Amino acid sequence: MRISFCCFDTKPQPWVDGLQAAFPDADVSLWAAGAEPADYAVVWAPPQQFFDEQQQLKGIFNIGAGVDALMKLKLPAGVPVVRLDDAGMSVQMAEYVCHAVIRHFRELDVYEADVAQGKWSYRAPRLRGEFPVGVMGLGVLGERVGRALAQFEFPVNGWSRSPKVVEGVQCFSGEVGSTGFQDFLAASRILVCLLPLTPDTVGIMNRDTLSRLQPGGYVINVARGTHLVDEDLLALIDSGRLAGATLDVFRTEPLPAGHAFWKHPKVTVTPHTSARTLREESIAQIAGKIRSLAAGAPISTLAGVVDPKKGY
Ligand code: NDP
Ligand code: OXD
(Lines give C-alpha, C1' and ligand atoms only; values in the text may rest on other atoms or scores of the structure.)
(Ligands and ions follow the chains in the order given, each with its own letter.)
Protein backbone atom coordinates (compact mmCIF):
# COMPACT_ATOMS: atom_id res chain seq x y z
CA MET A 1 0.00 0.00 0.00
CA ARG A 2 1.24 3.50 -0.82
CA ILE A 3 0.07 6.56 1.15
CA SER A 4 0.86 10.10 0.04
CA PHE A 5 0.77 12.99 2.55
CA CYS A 6 0.28 16.48 1.14
CA CYS A 7 -0.06 19.53 3.37
CA PHE A 8 1.91 22.75 3.32
CA ASP A 9 0.43 24.24 6.51
CA THR A 10 2.08 22.01 9.05
CA LYS A 11 5.39 20.26 9.69
CA PRO A 12 4.95 17.18 7.50
CA GLN A 13 7.49 14.77 8.96
CA PRO A 14 5.63 13.89 12.19
CA TRP A 15 2.56 13.07 10.07
CA VAL A 16 4.56 10.91 7.69
CA ASP A 17 6.24 9.17 10.64
CA GLY A 18 2.91 8.67 12.43
CA LEU A 19 1.23 7.19 9.36
CA GLN A 20 4.27 4.99 8.74
CA ALA A 21 4.08 3.72 12.33
CA ALA A 22 0.40 2.90 11.80
CA PHE A 23 1.23 1.02 8.56
CA PRO A 24 4.75 -0.44 8.98
CA ASP A 25 4.50 -2.39 5.70
CA ALA A 26 3.27 0.51 3.61
CA ASP A 27 5.24 3.09 1.66
CA VAL A 28 4.30 6.43 3.26
CA SER A 29 5.82 9.58 1.82
CA LEU A 30 5.54 13.31 1.59
CA TRP A 31 4.16 14.21 -1.83
CA ALA A 32 6.40 15.92 -4.37
CA ALA A 33 5.59 16.62 -8.02
CA GLY A 34 6.05 13.49 -10.12
CA ALA A 35 5.67 11.09 -7.16
CA GLU A 36 4.52 7.51 -7.81
CA PRO A 37 0.76 6.90 -7.77
CA ALA A 38 -0.56 6.31 -4.24
CA ASP A 39 -3.53 4.28 -2.99
CA TYR A 40 -4.59 6.74 -0.30
CA ALA A 41 -4.06 10.48 0.09
CA VAL A 42 -3.91 12.29 3.43
CA VAL A 43 -4.21 15.98 2.68
CA TRP A 44 -5.01 19.53 3.69
CA ALA A 45 -5.55 22.12 0.94
CA PRO A 46 -3.38 20.34 -1.64
CA PRO A 47 -2.68 21.96 -5.03
CA GLN A 48 -4.66 20.89 -8.10
CA GLN A 49 -1.44 19.33 -9.44
CA PHE A 50 -1.63 16.73 -6.66
CA PHE A 51 -4.91 15.31 -8.01
CA ASP A 52 -3.95 15.82 -11.65
CA GLU A 53 -1.06 13.44 -10.99
CA GLN A 54 -2.64 11.10 -8.42
CA GLN A 55 -5.27 9.38 -10.52
CA GLN A 56 -5.25 5.93 -8.86
CA LEU A 57 -6.45 6.91 -5.40
CA LYS A 58 -8.93 4.74 -3.51
CA GLY A 59 -9.59 7.33 -0.81
CA ILE A 60 -8.83 10.95 0.04
CA PHE A 61 -8.55 11.78 3.75
CA ASN A 62 -8.82 15.43 4.80
CA ILE A 63 -6.95 16.32 8.00
CA GLY A 64 -9.63 18.81 9.01
CA ALA A 65 -13.41 18.88 9.38
CA GLY A 66 -14.06 21.44 6.65
CA VAL A 67 -13.57 20.31 3.06
CA ASP A 68 -14.21 23.63 1.30
CA ALA A 69 -10.60 23.85 0.04
CA LEU A 70 -10.91 20.35 -1.48
CA MET A 71 -14.32 20.99 -3.01
CA LYS A 72 -12.84 23.83 -5.10
CA LEU A 73 -10.56 21.35 -6.90
CA LYS A 74 -11.19 18.88 -9.69
CA LEU A 75 -10.95 15.58 -7.85
CA PRO A 76 -10.52 12.15 -9.48
CA ALA A 77 -14.02 10.89 -10.29
CA GLY A 78 -15.67 8.50 -7.87
CA VAL A 79 -12.93 8.59 -5.21
CA PRO A 80 -14.43 8.97 -1.72
CA VAL A 81 -13.46 12.05 0.30
CA VAL A 82 -13.44 11.51 4.06
CA ARG A 83 -13.13 14.38 6.53
CA LEU A 84 -12.18 14.27 10.20
CA ASP A 85 -15.12 13.24 12.32
CA ASP A 86 -14.49 15.07 15.61
CA ALA A 87 -11.04 13.56 16.35
CA GLY A 88 -10.78 15.73 19.47
CA MET A 89 -12.12 18.90 17.87
CA SER A 90 -15.64 19.05 19.33
CA VAL A 91 -14.48 19.45 22.94
CA GLN A 92 -12.12 22.26 21.87
CA MET A 93 -14.92 23.96 19.96
CA ALA A 94 -17.24 23.68 22.95
CA GLU A 95 -14.58 25.25 25.20
CA TYR A 96 -13.94 28.09 22.77
CA VAL A 97 -17.58 28.97 22.11
CA CYS A 98 -18.65 28.68 25.76
CA HIS A 99 -15.72 30.92 26.68
CA ALA A 100 -16.71 33.52 24.08
CA VAL A 101 -20.39 33.44 25.07
CA ILE A 102 -19.62 33.67 28.80
CA ARG A 103 -16.97 36.38 28.34
CA HIS A 104 -19.55 38.49 26.50
CA PHE A 105 -22.51 37.67 28.75
CA ARG A 106 -20.57 38.25 32.00
CA GLU A 107 -18.85 41.34 30.52
CA LEU A 108 -15.47 39.91 31.42
CA ASP A 109 -13.89 42.05 28.68
CA VAL A 110 -15.19 45.16 30.47
CA TYR A 111 -13.85 43.91 33.83
CA GLU A 112 -10.46 43.20 32.21
CA ALA A 113 -10.31 46.78 30.92
CA ASP A 114 -11.36 48.19 34.33
CA VAL A 115 -8.83 46.09 36.22
CA ALA A 116 -6.08 47.15 33.81
CA GLN A 117 -6.78 50.71 34.98
CA GLY A 118 -6.81 49.70 38.65
CA LYS A 119 -10.60 50.15 38.85
CA TRP A 120 -12.71 48.03 41.29
CA SER A 121 -16.18 48.33 39.78
CA TYR A 122 -19.37 46.27 39.45
CA ARG A 123 -21.68 45.74 36.50
CA ALA A 124 -25.37 44.97 37.06
CA PRO A 125 -25.97 41.21 36.77
CA ARG A 126 -27.51 40.20 33.43
CA LEU A 127 -30.19 37.54 32.94
CA ARG A 128 -29.10 34.55 30.85
CA GLY A 129 -32.71 34.17 29.68
CA GLU A 130 -32.15 37.42 27.76
CA PHE A 131 -29.14 35.95 25.92
CA PRO A 132 -30.47 33.11 23.78
CA VAL A 133 -27.68 31.57 21.73
CA GLY A 134 -28.31 30.34 18.19
CA VAL A 135 -25.97 27.72 16.75
CA MET A 136 -25.99 27.53 12.93
CA GLY A 137 -25.05 23.99 11.97
CA LEU A 138 -25.93 21.06 14.23
CA GLY A 139 -23.34 18.63 12.96
CA VAL A 140 -20.51 16.99 14.88
CA LEU A 141 -19.26 20.32 16.27
CA GLY A 142 -22.48 22.34 16.45
CA GLU A 143 -24.35 19.67 18.39
CA ARG A 144 -21.55 19.40 20.98
CA VAL A 145 -21.45 23.19 21.31
CA GLY A 146 -25.23 23.38 21.71
CA ARG A 147 -25.21 20.75 24.46
CA ALA A 148 -22.34 22.47 26.28
CA LEU A 149 -24.09 25.86 26.22
CA ALA A 150 -27.28 24.26 27.53
CA GLN A 151 -25.27 22.97 30.52
CA PHE A 152 -24.70 26.63 31.46
CA GLU A 153 -28.47 27.12 31.27
CA PHE A 154 -28.43 29.49 28.31
CA PRO A 155 -31.51 29.19 26.12
CA VAL A 156 -30.03 27.46 23.04
CA ASN A 157 -31.42 27.37 19.50
CA GLY A 158 -29.96 25.29 16.71
CA TRP A 159 -30.51 25.34 12.97
CA SER A 160 -29.64 22.71 10.39
CA ARG A 161 -30.83 21.72 6.96
CA SER A 162 -32.56 18.50 8.14
CA PRO A 163 -34.63 18.29 11.35
CA LYS A 164 -32.73 17.28 14.53
CA VAL A 165 -33.49 16.51 18.14
CA VAL A 166 -30.80 17.67 20.60
CA GLU A 167 -31.40 17.68 24.34
CA GLY A 168 -31.54 21.22 25.73
CA VAL A 169 -31.62 22.77 22.24
CA GLN A 170 -34.65 24.17 20.45
CA CYS A 171 -34.07 22.88 16.92
CA PHE A 172 -35.08 24.71 13.75
CA SER A 173 -34.55 23.37 10.25
CA GLY A 174 -34.83 24.32 6.59
CA GLU A 175 -32.79 25.87 3.82
CA VAL A 176 -31.15 29.29 3.99
CA GLY A 177 -33.97 31.88 3.83
CA SER A 178 -36.68 29.39 4.90
CA THR A 179 -39.19 30.18 7.64
CA GLY A 180 -37.24 27.85 9.93
CA PHE A 181 -34.10 29.91 9.34
CA GLN A 182 -35.87 33.25 9.90
CA ASP A 183 -37.57 31.97 13.07
CA PHE A 184 -34.20 30.70 14.34
CA LEU A 185 -32.57 34.10 13.83
CA ALA A 186 -35.47 35.96 15.47
CA ALA A 187 -35.22 33.67 18.52
CA SER A 188 -31.45 34.26 18.95
CA ARG A 189 -29.33 37.08 20.35
CA ILE A 190 -25.87 35.50 20.17
CA LEU A 191 -25.17 33.82 16.83
CA VAL A 192 -22.56 31.06 16.48
CA CYS A 193 -21.57 29.89 12.98
CA LEU A 194 -20.61 26.22 12.69
CA LEU A 195 -21.68 25.61 9.13
CA PRO A 196 -19.56 24.14 6.36
CA LEU A 197 -18.66 26.62 3.63
CA THR A 198 -20.71 25.76 0.53
CA PRO A 199 -22.31 27.81 -2.25
CA ASP A 200 -25.46 27.97 -0.06
CA THR A 201 -23.72 29.31 3.02
CA VAL A 202 -21.25 31.84 1.56
CA GLY A 203 -22.03 35.27 3.05
CA ILE A 204 -24.81 33.84 5.23
CA MET A 205 -24.00 36.39 7.94
CA ASN A 206 -24.84 39.67 6.24
CA ARG A 207 -26.73 42.90 6.91
CA ASP A 208 -30.13 41.26 6.38
CA THR A 209 -29.60 38.12 8.46
CA LEU A 210 -27.65 39.82 11.27
CA SER A 211 -30.35 42.51 11.54
CA ARG A 212 -32.85 39.75 12.32
CA LEU A 213 -31.09 38.85 15.57
CA GLN A 214 -32.51 40.20 18.80
CA PRO A 215 -31.28 43.72 19.70
CA GLY A 216 -27.77 43.79 21.13
CA GLY A 217 -26.83 40.75 19.05
CA TYR A 218 -23.36 39.22 19.19
CA VAL A 219 -21.59 37.15 16.51
CA ILE A 220 -19.18 34.24 17.05
CA ASN A 221 -17.70 32.91 13.80
CA VAL A 222 -15.70 29.72 14.17
CA ALA A 223 -16.48 28.19 10.76
CA ARG A 224 -15.04 30.04 7.73
CA GLY A 225 -14.32 33.74 7.14
CA THR A 226 -16.35 33.77 3.93
CA HIS A 227 -19.54 33.01 5.87
CA LEU A 228 -19.40 36.61 7.05
CA VAL A 229 -19.71 39.88 5.14
CA ASP A 230 -17.11 41.87 7.09
CA GLU A 231 -18.37 45.35 6.17
CA ASP A 232 -21.97 44.48 7.16
CA LEU A 233 -20.84 43.24 10.57
CA LEU A 234 -18.73 46.38 11.17
CA ALA A 235 -21.55 48.71 10.10
CA LEU A 236 -24.04 46.98 12.42
CA ILE A 237 -21.62 47.11 15.36
CA ASP A 238 -20.74 50.75 14.72
CA SER A 239 -24.44 51.70 14.50
CA GLY A 240 -25.07 49.99 17.88
CA ARG A 241 -27.41 47.35 16.37
CA LEU A 242 -24.93 44.60 17.30
CA ALA A 243 -22.88 44.53 20.50
CA GLY A 244 -19.73 42.95 19.03
CA ALA A 245 -18.13 39.79 17.73
CA THR A 246 -15.58 37.08 18.43
CA LEU A 247 -13.97 35.93 15.19
CA ASP A 248 -11.62 32.97 14.74
CA VAL A 249 -11.74 32.73 10.95
CA PHE A 250 -11.30 35.29 8.20
CA ARG A 251 -11.73 35.78 4.46
CA THR A 252 -7.95 36.07 4.18
CA GLU A 253 -5.74 34.24 6.69
CA PRO A 254 -3.59 35.43 8.32
CA LEU A 255 -5.88 38.45 8.82
CA PRO A 256 -4.16 41.20 6.79
CA ALA A 257 -2.34 43.93 8.74
CA GLY A 258 -4.53 47.02 8.89
CA HIS A 259 -7.85 45.12 8.68
CA ALA A 260 -10.45 46.91 10.80
CA PHE A 261 -11.04 43.77 12.92
CA TRP A 262 -7.56 43.91 14.44
CA LYS A 263 -8.09 47.04 16.52
CA HIS A 264 -11.88 47.28 16.78
CA PRO A 265 -12.73 47.62 20.49
CA LYS A 266 -15.81 45.41 20.11
CA VAL A 267 -14.21 42.67 18.04
CA THR A 268 -12.09 39.89 19.52
CA VAL A 269 -9.78 38.14 17.06
CA THR A 270 -8.07 34.74 17.40
CA PRO A 271 -5.90 33.12 14.70
CA HIS A 272 -8.05 30.18 13.47
CA THR A 273 -7.37 28.21 16.59
CA SER A 274 -10.80 27.38 18.06
CA ALA A 275 -10.47 23.65 17.30
CA ARG A 276 -7.06 22.44 16.23
CA THR A 277 -6.39 19.22 14.36
CA LEU A 278 -4.80 16.87 16.89
CA ARG A 279 -2.21 14.76 15.10
CA GLU A 280 -2.32 11.53 17.09
CA GLU A 281 -6.13 11.34 17.25
CA SER A 282 -6.39 12.20 13.57
CA ILE A 283 -3.84 9.62 12.43
CA ALA A 284 -5.56 6.95 14.56
CA GLN A 285 -8.93 7.83 13.02
CA ILE A 286 -7.64 7.93 9.44
CA ALA A 287 -5.62 4.72 9.87
CA GLY A 288 -8.73 2.92 11.16
CA LYS A 289 -10.68 4.02 8.11
CA ILE A 290 -7.93 3.09 5.65
CA ARG A 291 -7.78 -0.37 7.27
CA SER A 292 -11.56 -0.73 6.91
CA LEU A 293 -11.51 0.29 3.25
CA ALA A 294 -8.51 -1.94 2.50
CA ALA A 295 -10.41 -4.83 4.11
CA GLY A 296 -13.30 -4.23 1.73
CA ALA A 297 -15.75 -2.37 4.03
CA PRO A 298 -18.37 -0.39 2.08
CA ILE A 299 -17.66 3.34 2.12
CA SER A 300 -21.12 3.96 3.61
CA THR A 301 -19.97 2.34 6.88
CA LEU A 302 -17.35 5.07 7.48
CA ALA A 303 -18.15 8.24 9.46
CA GLY A 304 -17.29 11.57 7.85
CA VAL A 305 -17.73 10.64 4.19
CA VAL A 306 -18.39 13.81 2.20
CA ASP A 307 -21.47 13.98 -0.02
CA PRO A 308 -20.13 15.68 -3.17
CA LYS A 309 -23.62 16.99 -4.03
CA LYS A 310 -23.97 18.76 -0.66
CA GLY A 311 -20.30 19.78 -0.52
CA TYR A 312 -19.84 18.67 3.12
P1 NDP B 1 -20.84 18.67 9.92
O2 NDP B 1 -20.84 18.34 8.47
O3 NDP B 1 -20.85 17.56 10.92
O4 NDP B 1 -22.10 19.61 10.24
C5 NDP B 1 -22.56 20.58 9.38
C6 NDP B 1 -23.92 21.08 9.86
O7 NDP B 1 -24.29 22.21 9.07
C8 NDP B 1 -25.02 20.03 9.70
O9 NDP B 1 -25.91 20.11 10.78
C10 NDP B 1 -25.74 20.50 8.42
O11 NDP B 1 -27.11 20.17 8.36
C12 NDP B 1 -25.59 21.99 8.54
N13 NDP B 1 -25.71 22.62 7.22
C14 NDP B 1 -24.87 22.53 6.17
N15 NDP B 1 -25.33 23.25 5.13
C16 NDP B 1 -26.49 23.80 5.54
C17 NDP B 1 -27.44 24.63 4.91
N18 NDP B 1 -27.29 25.06 3.65
N19 NDP B 1 -28.52 24.99 5.61
C20 NDP B 1 -28.69 24.56 6.88
N21 NDP B 1 -27.82 23.78 7.54
C22 NDP B 1 -26.74 23.40 6.86
O23 NDP B 1 -19.58 19.61 10.17
P24 NDP B 1 -18.72 19.82 11.51
O25 NDP B 1 -19.67 20.12 12.62
O26 NDP B 1 -17.75 18.74 11.69
O27 NDP B 1 -17.89 21.14 11.11
C28 NDP B 1 -18.54 22.35 10.77
C29 NDP B 1 -17.55 23.35 10.21
O30 NDP B 1 -16.74 23.88 11.25
C31 NDP B 1 -16.53 22.81 9.22
O32 NDP B 1 -17.10 22.65 7.93
C33 NDP B 1 -15.45 23.87 9.26
O34 NDP B 1 -15.71 24.86 8.29
C35 NDP B 1 -15.58 24.46 10.66
N36 NDP B 1 -14.41 24.15 11.50
C37 NDP B 1 -13.66 25.19 11.99
C38 NDP B 1 -12.58 24.94 12.79
C39 NDP B 1 -11.78 26.06 13.38
O40 NDP B 1 -10.73 25.82 14.01
N41 NDP B 1 -12.22 27.31 13.27
C42 NDP B 1 -12.18 23.58 13.16
C43 NDP B 1 -13.06 22.57 12.61
C44 NDP B 1 -14.11 22.86 11.80
P45 NDP B 1 -27.59 18.64 8.10
O46 NDP B 1 -27.13 17.89 9.31
O47 NDP B 1 -29.05 18.74 8.03
O48 NDP B 1 -26.90 18.21 6.86
C1 OXD C 1 -11.03 22.39 10.03
C2 OXD C 1 -10.33 23.60 10.47
O3 OXD C 1 -11.88 22.49 9.13
O4 OXD C 1 -9.36 23.48 11.25
O5 OXD C 1 -10.78 21.33 10.60
O6 OXD C 1 -10.72 24.70 10.12
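Only a predicted model underlies this, so the values are computations on that prediction, with no experimental measurement involved.

Draft legend 1. Up close: the packing of aromatic side chains. One pass over the structure, following the stated rule, counts 10 aromatic pairs. With a centroid separation of 6.4 Å and 55° between ring planes, the pair formed by Tyr-40 and Phe-61 is classed as tilted. In this pair, Tyr-40 sits in strand S3 (residues 40-44) while Phe-61 sits in strand S4 (residues 59-62), placing the two residues 21 residues apart along the sequence. For Tyr-40, a relative accessible area of 4% puts it in the buried group. Grouping aromatic residues by their ring pairs yields a cluster made of Trp-159, Phe-172, Phe-181 and Phe-184. For the cation-ring pair, Arg-128 lies above Phe-154, with the distance from its terminal atom to the ring centre recorded as 5.2 Å. Its end group placed over the ring of Phe-131, Arg-189 keeps NZ or CZ at 3.8 Å from the ring centre.

Draft legend 2. Structural context of the sheet that holds strand S2 (residues 27-30). The sheet built from five strands is open, its strands ordered S2-S1-S3-S4-S5 with parallel pairing. The sheet is open, and its two edges are formed by S2 and strand S5 (81-82), each paired on a single side. In terms of strand pairing, strand S1 (residues 2-7) meets S2 through four bridges, oriented parallel. What sits directly across from Phe-5, in S2, is Leu-30. Contacting S1, S2 and S3, helix H1 (residues 12-22) crosses the sheet at an angle of about 175° to S2.

Draft legend 3. View of the pairing of S4. On S4, burial covers both faces: Gly-59 and Phe-61 on one face and Ile-60 and Asn-62 on the other are all buried. Once the chain exits S3 it traverses helix H2 (residues 48-53) before rejoining the sheet at S4, and the crossover so formed is right-handed. Where S4 lies against S5, two bridges are found, and the strand directions are parallel. By the bridge assignment for S5, Ile-60 is matched with Val-81.

Draft legend 4. Here's a closer look at the pairing of strand S11 (residues 242-247). Most of S11 sits inside the fold, with five of its six residues counted as buried. Pairing geometry for strand S10 (residues 217-221) and S11, over five bridges, is parallel. When the bridges of S11 are listed, Gly-217 appears paired with Leu-242. Between the parallel elements S10 and S11, the chain passes through helix H9 (residues 230-238) in a crossover that is right-handed. Of the strand pairs in this sheet, S11 and strand S12 (residues 267-269) are connected by three bridges, and their pairing is parallel. In the sheet register, Leu-247 faces S12, and the bridge partner there is Val-269.

Draft legend 5. Quick peek at the sheet that holds strand S6 (residues 133-136). On the basis of which strands lie adjacent, the open sheet formed by seven strands has the order S8-S7-S6-S9-S10-S11-S12 and parallel pairing. For this open sheet the edge positions go to strand S8 (169-173) and S12, each flanked by a neighbour on one side alone. Strand-to-strand, the axes of this sheet are offset by a mean angle of 15°, without reference to chain direction. The sheet contact formed by S6 and strand S9 (residues 190-193) spans four bridges and is parallel. Looking at S9, one finds that Val-135 is bridged to Val-192.

Reading the values: rules and limits
- Residues numbered from 1 in each chain as written.
- Chains lettered and ligands numbered in written order.
- Predicted model: local features only at pLDDT ≥ 70, side-chain atom pairs only at ≥ 80, totals over all residues.
- Heavy atoms only, no water.
- Phe/Tyr/Trp six-rings, centres within 6.5 Å; stacked < 30°, edge-to-face > 60°.
- Helix = DSSP H or I, 4+ residues; strand = E, 2+ residues; numbered from the N terminus.
- Buried < 20%, exposed > 50% of the residue type's maximum accessible area, 1.4 Å probe, protein only.
- Lys NZ or Arg CZ within 6 Å of the ring centre and 35° of its normal.
- Pairing = 2+ DSSP bridges.
- Contact = heavy atoms within 4.5 Å.
- Axes fitted to C-alpha atoms, helices over the stretch in contact; angles between N-to-C directions.
- Right-handed = clockwise from strand over helix to strand, strands pointing away.

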